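Okay, here's what each chain looks like letter by letter:
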Amino acid sequence: MLRFALLAALMLAPILPAAAQDAAAGQRVFNQCRACHTIEQGGRNGVGPNLHGAVGRKAGSIEGFRYSASMRERAGGGLTWDEDTLRAYLANPKAVVPAGSMSYPGLRNEQQLNDLIAYLKANG
């Protein structure tokens, strides 16, 4: 019986999500971002642009914010902040926008990435 239960669990593992997203936990992760970004609707830009509605938004599109040349180039190439591009950028900003101005080294913890993306999605 134990062997059957273990086999069933192994067979179901690939169809289960890797890790659930928790927007409340993501809000705590976002506290690292608050030094440069706001997320409130209609909020001001800081050192970085306001991130309200970032998920699904075209990169480099906040009116009045001065983006790096590299970010403007990537935006001109069609970069959009969907979940996949956000995950890559938040994990390693320089890999996505090599000469970008974001000085954050990246978020390596997968669960924190999931939670932060859930929080960004909830604020848009």
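Structure's up top.
My aim in this report is to walk through the structure given alongside it, one point at a time.

Each value, and the rule that gives it
- Residues numbered from 1 in each chain as written.
- Predicted model: local features only at pLDDT ≥ 70, side-chain atom pairs only at ≥ 80, totals over all residues.
- Heavy atoms only, no water.
- Helix = DSSP H or I, 4+ residues; strand = E, 2+ residues; numbered from the N terminus.
- Contact = heavy atoms within 4.5 Å.
- Areas by Shrake-Rupley, 256 points an atom, 1.4 Å probe, with all protein chains shown as cover.
- Disulfide = S-S within 2.5 Å.
- Buried < 20%, exposed > 50% of the residue type's maximum accessible area, 1.4 Å probe, protein only.
- Lys, Arg positive; Asp, Glu negative; His and termini not counted.
- Salt bridge = Lys/Arg side-chain N within 4 Å of Asp/Glu carboxyl O.
- Axes fitted to C-alpha atoms, helices over the stretch in contact; angles between N-to-C directions.
- Parallel < 35°, antiparallel > 145°, perpendicular 65-115°, else oblique.
- Left-handed = near helix turned anticlockwise from the far one by under 90°.

It is worth spelling out the overall build of the protein at this point. When helices and strands are tallied, the protein shows six helices and zero strands. Element order for the protein, N to C, with α for helix and β for strand: α-α-α-α-α-α. Long-range pairs, those at least 24 residues apart, make up 45% of the contacts in the protein between residues at least 6 apart in sequence. Accessible surface, the protein: about 7,800 Å² in total, of which carbon and sulfur atoms supply 58%.

Scanning the model with the defined rule gives zero disulfides in all. Free of any disulfide, Cys 33 has its nearest cysteine sulfur in Cys 36, 8.7 Å distant. Judged by its relative accessible area of 17%, Cys 33 is buried. Taking the relative accessible area as the measure of exposure, Cys 36 reaches 30% and is therefore partly exposed.

What follows is about the side chain of Asp 115. As for its placement among the helices and strands, Asp 115 is situated in helix H6 (residues 110-122). Buried and unpaired, Asp 115 has Arg 28 as its nearest opposite-charge partner, separated by 6.4 Å. Apart from the residues within four sequence positions on either side, Asp 115 is in contact with Ala 20, Gln 21, Asp 22, Ala 23, Ala 25 and Gly 26.

Between helix H4 (residues 83-91) and H6, the least distance of the axes is 10 Å, while the angle of their chain directions is 130°. Taken together, H4 and H6 sit at an angle that is classed as oblique. In the crossing of H4 with H6, the sense of the turn from one axis to the other is right-handed. Two secondary-structure elements touch here, H4 through Glu 83, Leu 86, Arg 87, Leu 90 and Ala 91 and H6 through Glu 110, Leu 113, Asn 114, Leu 116, Ile 117, Leu 120 and Lys 121.

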